[in-house]
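# Structure at a glance
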Amino acid sequence: MPSPLHRLTLLLVLGLGACDGQSPDFSRAEPGEALSAGGATVQRSDRDAFAQPSANLTSAQRMDFAVGNSFFRKPWVSAPSSTTARDGLGPLFNTNACQNCHIRDGRGHPPEAQADNAVSLLVRLSIPATPETAHLAERLGVVPEPVYGTQLQDMAVPGVPPEARVRLGYESHSLRFADGFEVELRRPRLQLDRLGYGALHPDTRFSLRIAPPMIGLGLLEAIPEVAILANADPDDADGDGISGRPNRVRDHATQSTALGRFGWKAGQPNLNQQNADAFFNDLGLSTRLLSGSSCTPAQTACLTSADGGRPEVDDHLRARVLFYTRHLGVPARRAVDDPQVLAGKALFHHAGCARCHIPRFVTAADAAEPELANQKIHPYSDLLLHDMGDGLADNRAEFEASGREWRTPPLWGLGLTQQVGGHTRLLHDGRARNPLEAILWHAGEAQPARDRVLTFDAGQRAALLAFLNSL
């Protein structure tokens with residue numbers, strides 16, 4: 001028998017239409033709902049739950065996955081070195097191994113107060129475009145800060161000054177639920193010192209970004225473009241207040257415009273380019289796709305440092321890392337038939353969260369890898385941009401994304417964040433210390449959903465969080 005909370009929740013959502021026009025049934029789990037990634041779903045919920053290969057890989061493919069994993073985990077060193085397969089780090093960089101940011105393939109976090117460096121939090125930079133710099137914005141999505149480029153790099157090889165030291169401060173305010181329950185919200189304030197190359201441009205825009213989880217990326221890449229665009233409503237033609245829209249970005253391989261899918265503002269079109277950008281900006285490593293150096297003309301010590309060859313990441317290595325990042329499996333959901341979880345699922349839909357956090361897609365038949373094809377997946381994202389209001393705005397445009405817009409982050413794996421990474425820091429800059437705080441930061445298009453959540457009593461809040469923690 002459903003619990004009283006479950007019956008009440010079903011009454012709340014009675015008559016609410018689903019996104020596909022069908023009436024939802026919240027009294028039981030959907031068939032296959034626990035398999036978040038279809039046949040690729042992995043059955044792990046421990047600290048290594050995000051580091052597993054997709055369940056449908058063959059033994060030979062698991063060996064390829066392991067090779068890519070080794071390059072993802074092991075540190076790079078500065079050149080010249082006897083370790084020629086892994087030299088060329090920097091000269092300026094944020095970390096010396098991918099795994100340092102994506103902790104056990106999970107989510108990054110802001111630096112602690114006394115940390116030596118920011119590690120899994122990046123500071124993106126740009127300045128406003130002018131007619132003379134519009135070509136840069138078209139190609140890069142932003143106009144780089146003249147001295148420091150598009151990303152602050154707070155580490156460097158010996159003999160090269162790091163660009164800056166990154167610290168965060170916080171300011172707080174509270175929100176109150178209808179029943180009087182109060183939640184303190186913290187907004188980060190960037191603090192930079194030890195600038196290695198002089199003052200920043202006076203109109204510099206800053207954007208804090210923590211590393212997102214790595215799970216299911218190949219499946220997100222395999223969602224048909226037409227399925228993503230079907231949820232776009234840039235002019236809010238249906239009048240529901242939700243106007244998700246695609247970001248159109250530069251595909252460097254084809255030298256054309258493509259749909260953005262990856263990154264906090266959907267600034268990358270595919271995993272190959274996303275990986276190349278991380279090699280280039282996070283580790284200071286060149287690839288055939290992004291060659292040269294991230295050093296700017298003002299950084300002479302950086303420009304004259306030794307490199308590890310051209311390119312430093314060869315095509316074979318890059319292909320192995322691409323295979324690895326495409327095939328990190330998504331853990332199965334837990335307790336999908338639990339009455340409290342089902343009640344929370346109903347409340348999630350009732351509040352309107354599922355209008356942006358779209359529960360399910362089917363991947364394309366012609367996916368880049370056959371194991372990613374024709375999978376019914378539950379990412380809880382539309383991969384579109386949404387105006388999230390002033391509170392979350394970074395005021396930094398990226399291609400067609402405005403300074404108030406962010407891509408809807410997938411929610412799969414959310415409930416294992418603590419287990420995998422040892423923390424529950426959420427949102428693009430890690431300001432939210434738990435899922436409830438993340439919800440309460442929603443504004444702009446999401447403010448009506450946030451305001452409905454603020455009417456929930458203690459039992460309903462517990463049910464909503466039980467649902468989110470089951471993902």
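Keep in mind that what you see is a predicted model, and the values were worked out from it rather than measured.

It is worth spelling out the sheet that holds strand S2 (residues 121-126) at this point. In spatial order, the strands read S3-S2-S7; together these three strands make up an open sheet with antiparallel pairing. The open sheet has two edge strands, strand S3 (151-152) and strand S7 (205-210), and neither has a second partner. Looking at chain direction, S2 and S3 are connected through two bridges and run antiparallel. What sits directly across from Arg-124, in S3, is Gln-151.

Turning to the confidence of the model for the chain, a few remarks are in order. Summarising the model, the chain shows a mean pLDDT of 94, and 95% of its residues fall at 70 or more. Residue range residues 6-21 is modelled with pLDDT below 50. Its contacts to residues more than four positions away, or to other chains, number 29 contacts.

The next thing to look at is the nonpolar core. Among the nonpolar cores identified, the biggest contains 99 residues, and Trp-76, Leu-121, Phe-348 and Leu-468 are the most heavily contacted of them. Beyond its immediate stretch of four places on either side in the chain, Leu-121 contacts His-109, Pro-110, Pro-111, Val-166, Leu-168, Leu-208, Arg-209, Ile-210 and Asp-429.

A rise of 1.5 Å per residue sets the reference length of helix H7 (residues 271-282), with its twelve residues, at 16 Å; its end C-alpha atoms lie 15 Å apart and thus fit the reference within 8%. Turning to H7, its buried residues are Leu-271, Gln-273, Asn-275, Ala-276, Asp-277, Phe-279, Phe-280, Asn-281 and Asp-282. Buried-residue contacts for H7 involve strand S1 (92-93), S2, S3, helix H5 (217-221), strand S8 (248-251) and helix H9 (315-326). Where H7 begins, the side chain of Asn-270 points an oxygen toward the backbone nitrogen of Asn-272, at a separation of 3.4 Å. Just downstream of H7, Gly-284 is the residue with a positive phi angle, here 70°.

As paired elements, strand S5 (residues 165-176) and strand S6 (residues 182-193) share twelve bridges and run antiparallel to each other. Along S6, the bridge assignment pairs His-173 with Leu-185.

Reading the values: the criteria
- The residue numbers shown here count from 1 along each chain, following its written sequence.
- Whole-chain, interface and lining totals are the exception, using all residues; otherwise, since this is a predicted model, local features are given only for residues with pLDDT of at least 70 and side-chain atom pairs are given and counted only at 80 or more.
- Computation of side-chain values covers all heavy atoms of the structure but excludes hydrogens and water.
- When DSSP locates at least two bridges between a pair of strands, those strands are taken to pair.
- Strands are runs of DSSP state E lasting at least 2 residues, helices are runs of H or I lasting at least 4, and numbering of each runs from the N terminus.
- One number per residue, pLDDT, summarises how confident the predictor is, and it ranges from 0 to 100.
- When checking whether two residues touch, look at their non-hydrogen atoms; a contact exists if any pair is within 4.5 Å.
- For this analysis, a nonpolar core means a set of buried residues of the types Ala, Val, Leu, Ile, Met, Phe, Trp, Tyr and Cys, connected via side-chain atoms within 4.5 Å.
- Each residue's exposure class comes from its accessible area (1.4 Å probe, protein chains only) as a fraction of the maximum for that residue type: buried when under 20%, exposed when over 50%, partly exposed otherwise.
- In this analysis, the expected span of each helix is defined as 1.5 Å times one less than the number of residues it contains.
- Here a polar contact is taken to be a pair of N or O atoms separated by no more than 3.5 Å, where protein atoms must pair a possible hydrogen donor with a possible acceptor and residues adjacent in sequence count only if both atoms sit in side chains.

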